Amino acid sequence: MSLAQVHYTSAAPGAEGSEGAAGRFTAVGPGVSGALLAEIEPLVRYELPEGVADRPSDGELRSLPQSFTYAVLSDGSRLVSRSAPVRDTGGGSGSDAAWGSGPGSGPRQGIRFHAHAVHLPPGVPLPGDRLPVEAWRSPLWVSTTPAGAIPDPLTLPPGPTAVSEGLDDFAVSRGPWLAAVLADLRRASGPTEPGGRPVVLVARQCADVARWLGLASVTLPRESAERLTFTTYTRRPGSSAARVVGVLPEDAAAARAAGLRVHACADQPPSGGGTDDVWATTAARIWRSRSPELFGEARELPGEPFAAGPLAVTALCAGIALGSDGRTAAAGWAADRPYALDAKRTGQLIEALTSPRIDDRTGPEFDAAGRLFGALEGRSPASVTAPLAAMLVTEAVRGGNGSLELPRRDAFTGPEGAAVAERLAPEILTELGDKAGPRSVARTVQLLRVARLLGVDGTDSLPGIVDRLAPAVLAEAAAEEEPGAGAEGLLDFAPALLELLDEQFEVRTALLGALDRIAPQDPGAVARFLGRVTLPFTGTQALPHLRMCAEVPGAMATLGGDRAAVWHRVLRAAGLSPFAEPLVLRTAVGLVWEDRAPTVEEARLLLEAATSDSHRAAGTWARLVDAALSASAAGTDEAAGLAHDLLRGYPTEIGGRERAGLLLLDLVRELRTGAPDPGWAERVRTLCAQAEPVEPALRERAYAALVERLLAPDRPGAELYDFVHGDDPDLIAAYDRTARTEAVRTRLRTQPAYAADCFSVWTAHPHAGRTWPPVAAALLEEVLRPAVRAMAAEDVAEVEATVGRTGSSGRADAFRAWNRVSTLGRLGRRIAGRVRRG
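Since the structure is predicted, the reported quantities are computational estimates derived from the model, not experimental observations.

A. Main features of the overall build of the protein. Across its full length, the protein holds 38 helices and eleven strands. The long-range fraction of contacts in the protein, counting pairs at least 24 apart against all pairs at least 6 apart in sequence, stands at 71%.

And the structure:
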């Protein structure tokens, strides 16, 4: 099929219609409409670089850049063109004429430009189904409009030589920029609508821009390369519709100022490789290895067009060294498609991945290698995968990568396994036996699993290893429970730990035993750990404490707030009697009352559930003390009885402020129900001081019990005397408050003997310190006097008589005088009232 060709040249100065025009079409092939010519004209225009001489020499003219362009037009057709400066031969208006440096510029004598274009209708390729960039070296681009008929379609040099010749050398020379440019060209070739911001390639020779495009045409898939519109030279990259444009170095600054992606590939090489695009980095290594044929091989492998995996696998199998990202991509791709490679290429890939010359492997690379081993295990012979297994095991020991999937014990064949074991066994045993070095649970688990895999005998050191592993398990679990630490879900080390326990019976037995021994010290932590990791302790081991810790969540969910019932159920789960194993008491109490003290009723249940010796051995007597002291603040009388029993049951264990608090509670009980030893007030003061910081409610209860007994008519006179003369403001204030209560006032009004006793007490010690006299005087006037006023005359007479019998005649006279003042006061108030009413 013939392709229409178009010729365009600069307008001759002074020619008709040339004013303000850049040029004109001198020949147009059939099928190219006027509307298309309007689109084509700005694509083929040419603008000279700055600083070109008016009459350049032949060499200077040949060195000027040529604009080789590939564009897609609005109707879906395409245009391939070359615009080049040529020397003006002085032709007339019907021929090519002189031209200036751009729209609006003055004419430049001696130079004109000529554009030669080939129009490709939609769906019609270039001859030989060649890519547009392959036409840039065609010898049939012309610099003059042909006379007569338009020639037949443009012919191209045979084969791929036109585009690939010299590209290897060019790629090697541009090594520092290669990956970054290929990454941008790949993005520019995406299936997006054209018209985006172009990629700018800066080069002194426009042929270098064409070579970059040649590299892209080999590297990219065919459909991507066909989408890559370009022009090798322009002065105005910001307004270009092409996806890739070339500019001279002097125009690079303007392109950067316009916000374009600019690659100046002859300046200072970029630091850091220039891109993190693994596909582009791998492609650059292939070019630097002069192996472009590998791009075609990679495209035959399954995967996305620009997936790094197929390209990386192809490169590694060809012996090309890649970085860690490339090796990771290759291993990951092969792990997902273990069927895609034959035995030969699988072996080549494993050999490349496990090369001893590699020293920059990363965690993700090892993870991908582990997945590859898992995919190949059982699919490929062990002799093929043994190097991969050896690398993974070595990394697990020396690199500390706890996330690796370890191979099975049969992964090694022949001498490979023995060699790895001989090399790693001393390191494994040394690290496992180190008592001082910090080691995470995941690390210990990994080392134990590798030791078993390699047949390393660590029986002698196992008890010490497990004794360090068990508390570390709980500590790491507790650390994840802290706010913001992600306490939900399975612990990070749990899967590997469970695999270890499933693989190694002796480790499982030892670790479960160690955790069971730890549980009584912090049963709540063990219970929370078991709630997140279901340990396999359903075998023949007793493990009473672990079984209790596992039972408590279900018991609490079922029995709710009945902690006594929960305690009974948890204790039954132990399978042991607290008489036989007292520590089950500690575990059960710690699980049920972890963050609080038992109530007095619950403490009484615990006290009666086991002997004092059992509580003493388990240390749970301290929880009972907490129960008594906590209940005392709530004012329960049972707390005093519990305190009495605890003081009898644990006379040597309870000391310090706790003992003083219990003694204070016991004194309260005796003051209210029994006959305490003499010296009540002094004992209350002493015990409160010893119990500091004493609960305010407990202090108030002790004071109240003391003063209630001192206000009773049968209290010993010596105790009252000591109290009054002790001059303790707090105790006397408590006495004053109690004497003013309604209960005392009622007794005073209804019991003449009690009123006589209070009169005697409140008048007996007028000089006893500073605190008592004003309090006693106030009680006489504000409490006793209103009570006497309310009595009948015979009751008042009985009070007077009782005062005389229990005291002296002088005391009876004092009462009569005190009461007369009260009577006169009443009479005076009555007379004054009558006068006011009259």
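B. Main features of the confidence of the model for the protein. Residues of the protein with pLDDT of at least 70 account for 88%, and the chain-wide mean is 84. Contacts from residues 13-21, a stretch scored under 50 in pLDDT, to residues over four places away or in other chains number five contacts. The low-confidence segment residues 824-838, where pLDDT is below 50, has two contacts with residues more than four positions distant or belonging to other chains.

C. Inspection of the nonpolar core at higher detail. Counting 222 residues, the largest nonpolar core has Phe 529 and Trp 762 as the members making the most contacts within it. In terms of nonpolar packing, the next biggest core, distinct from the first, is built from 22 residues, Val 44, Leu 64, Leu 73 and Ala 117 among them.

D. Spatial organisation of the packing of helix 18 (residues 462-481) against helix 20 (residues 505-518). Taken N-terminus to C-terminus, the directions of helix 18 and helix 20 make an angle of 55°; their axes are 9 Å apart at the nearest point. Viewed along their axes, helix 18 and helix 20 adopt a mutual orientation that is oblique. Here the hand of the crossing between helix 18 and helix 20 comes out right-handed. Contact residues: Leu 462, Val 466, Asp 467, Leu 469, Ala 470, Pro 471 and Leu 474 in helix 18; Glu 506, Val 507, Ala 510, Leu 511, Ala 514, Leu 515, Arg 517 and Ile 518 in helix 20.

E. Representation of helix 20 within the structure. The end-to-end C-alpha distance of helix 20 is 20 Å, a good match for the 20 Å that 14 residues give at a rise of 1.5 Å each. Regarding helix 20, the residues found buried are Val 507, Leu 511, Leu 512, Gly 513, Ala 514, Leu 515 and Asp 516. In this structure, the buried side of helix 20 is in contact with helix 17 (441-454), helix 18, helix 19 (494-503), helix 21 (523-532) and helix 22 (544-559).

F. Highlighting the pattern of salt bridges. Under the criterion given, the structure shown has 46 salt bridges. Taking the shortest distance from any N to any O, the salt bridge between Arg 604 and Asp 645 comes out at 2.5 Å. Within this pair, whereas Arg 604 is found in helix 25 (residues 600-609), its partner Asp 645 is found in helix 28 (residues 638-649), the two being separated by 41 residues in sequence. In this structure, Arg 672 engages Glu 708 in a salt bridge whose closest nitrogen and oxygen atoms are separated by 3.7 Å.

G. Here's a closer look at the packing of aromatic side chains. Overall, the coordinates contain 17 aromatic pairs when judged by the stated rule. When the ring of Tyr 70 is compared with that of Phe 230, the centres are 5.8 Å apart and the planes differ by 45°; the resulting orientation is tilted. Taken together, the residues Tyr 70 in strand 3 (residues 67-72) and Phe 230 in strand 9 (residues 230-231) connect sequence positions 160 residues apart. Overall, the relative accessible area of 2% leaves Tyr 70 in the buried class.

H. The arrangement of the environment of Glu 695 in detail. Turning to its location among the elements, Glu 695 is positioned in the loop between helix 30 (680-690) and helix 31 (696-710). Look at Glu 695 and you get partly exposed, because its relative accessible area is 42%. Residues Glu 695 and Gly 661, 34 residues apart in the sequence, show an inter-C-alpha distance of 8.9 Å.

I. How the structure looks around the side chain of Thr 231. Along the chain, Thr 231 turns up in strand 9. Within the structure, Thr 231 has its side chain in polar contact with the backbone oxygen of Tyr 233 (distance 3.3 Å). Look past the residues within four positions of Thr 231 in its chain and what remains in contact with it is Ser 67, Phe 68, Thr 69, Val 209, Ser 240, Ala 242, Val 244, Val 245 and Gly 246.

J. Fine view of the pairing of strand 10 (residues 244-247). Here strand 10 shows two buried faces, one formed by Val 244 and Gly 246 and the other by Val 245 and Val 247. Bridge count for strand 8 (residues 199-202) against strand 10 is four bridges, and the pairing is parallel. Bridged to Val 202 within strand 10 is Val 247. Pairing between strand 9 and strand 10: two bridges, direction parallel. Residue pairing across strands places Thr 231 opposite Val 245, the latter belonging to strand 10.

K. How the structure looks around the sheet that holds strand 9. Reading across the sheet, the nine strands line up as 2-1-7-4-3-9-10-8-11 and stay open at both edges, with mixed pairing between neighbours. At either end of the open sheet lies a strand with only one pairing partner, and these are strand 2 (24-28) and strand 11 (261-264). Contacting strand 8, strand 10 and strand 11, helix 5 (residues 175-188) runs over the sheet at an angle of about 145° to strand 11.

L. Representation of the environment of Pro 381 in the model. Relative to the helices and strands, Pro 381 resides in the loop between helix 14 (363-376) and helix 15 (382-399). Taking the C-alpha atoms as reference, Pro 381 lies 9.4 Å from Ala 343; in sequence the two are 38 residues apart.

M. How the structure looks around the packing of helix 34 (residues 742-750) against helix 35 (residues 752-764). Axis separation between helix 34 and helix 35 bottoms out at 5 Å; the angle between their running directions is 110°. Overall, the two elements helix 34 and helix 35 adopt an arrangement that is roughly perpendicular. Here Val 744, Arg 747, Leu 748 and Thr 750 of helix 34 lie close against helix 35, whose contacting residues are Pro 752, Tyr 754, Ala 755, Cys 758 and Trp 762. In terms of residue class, the contact of helix 34 with helix 35 is built from seven nonpolar, one polar and one charged.

N. Here's a closer look at helix 13 (residues 343-353). For helix 13, the complete set of buried residues consists of Thr 346, Leu 349, Ile 350, Ala 352 and Leu 353. The buried residues of helix 13 occupy an angular sector of 160° when the element is viewed end-on, so they sit on one face. Residues Ala 343, Lys 344 and Glu 351 are exposed on helix 13 and point more than 90 degrees away from its buried face. Each element contacted by the buried residues of helix 13 is listed here: helix 11 (308-317), helix 12 (324-336), helix 14 and helix 15.

O. Seen up close, the side chain of His 263. For His 263, the location among the structural elements is in strand 11. Residue class for His 263 comes out buried when judged on its relative accessible area of 7%. Here Asp 184 takes part through its side chain, which lies 2.6 Å from a polar atom of the side chain of His 263. Setting aside residues up to four positions removed in sequence, His 263 forms contacts with Ala 180, Val 181, Asp 184, Val 199, Val 200, Leu 201 and Val 202.

P. Spotlight on the pairing of strand 4 (residues 78-87). Along strand 4, nine of the ten residues are buried, which leaves the element largely enclosed by surrounding structure. Relative to strand 4, strand 3 runs antiparallel, the two sharing six bridges. Considered in strand 4, the bridge of Thr 69 is made with Ser 81. Judged from the ten bridges that link them, strand 4 and strand 7 (residues 111-120) form a sheet pairing that is antiparallel. Note on strand 7: the bridge partner recorded for Leu 79 is His 119.

Q. Region of interest: unusual backbone geometry. Of note, the bond from Glu 692 into Pro 693 is cis; its omega dihedral lies within 30 degrees of zero at -5°. Backbone geometry at Asp 129 places phi at a positive 55°, although glycine is not the residue there. You can see Asp 129 is positioned in the loop between strand 7 and helix 3 (161-164). Judged by its relative accessible area of 43%, Asp 129 falls in the partly exposed class. Residues other than glycine seldom take positive phi values, yet Arg 290 does so here, at roughly 60°. Position of Arg 290 among the secondary structure elements: in the loop between helix 9 (278-288) and helix 10 (293-299).

Each value, and the rule that gives it
Residues numbered from 1 in each chain as written. Predicted model: local features only at pLDDT ≥ 70, side-chain atom pairs only at ≥ 80, totals over all residues. Heavy atoms only, no water. Helix = DSSP H or I, 4+ residues; strand = E, 2+ residues; numbered from the N terminus. Contact = heavy atoms within 4.5 Å. pLDDT = per-residue confidence, 0-100. Core = buried A, V, L, I, M, F, W, Y, C linked by side-chain atoms within 4.5 Å. Buried < 20%, exposed > 50% of the residue type's maximum accessible area, 1.4 Å probe, protein only. Axes fitted to C-alpha atoms, helices over the stretch in contact; angles between N-to-C directions. Parallel < 35°, antiparallel > 145°, perpendicular 65-115°, else oblique. Left-handed = near helix turned anticlockwise from the far one by under 90°. Expected span 1.5 Å × (residues − 1). Salt bridge = Lys/Arg side-chain N within 4 Å of Asp/Glu carboxyl O. Phe/Tyr/Trp six-rings, centres within 6.5 Å; stacked < 30°, edge-to-face > 60°. Polar contact = N/O pair within 3.5 Å; in protein donor to acceptor, adjacent residues only side chain to side chain. Pairing = 2+ DSSP bridges. Nonpolar A, V, L, I, M, F, W, Y, C, P; charged D, E, K, R; others polar. Arc of directions from axis to C-beta.

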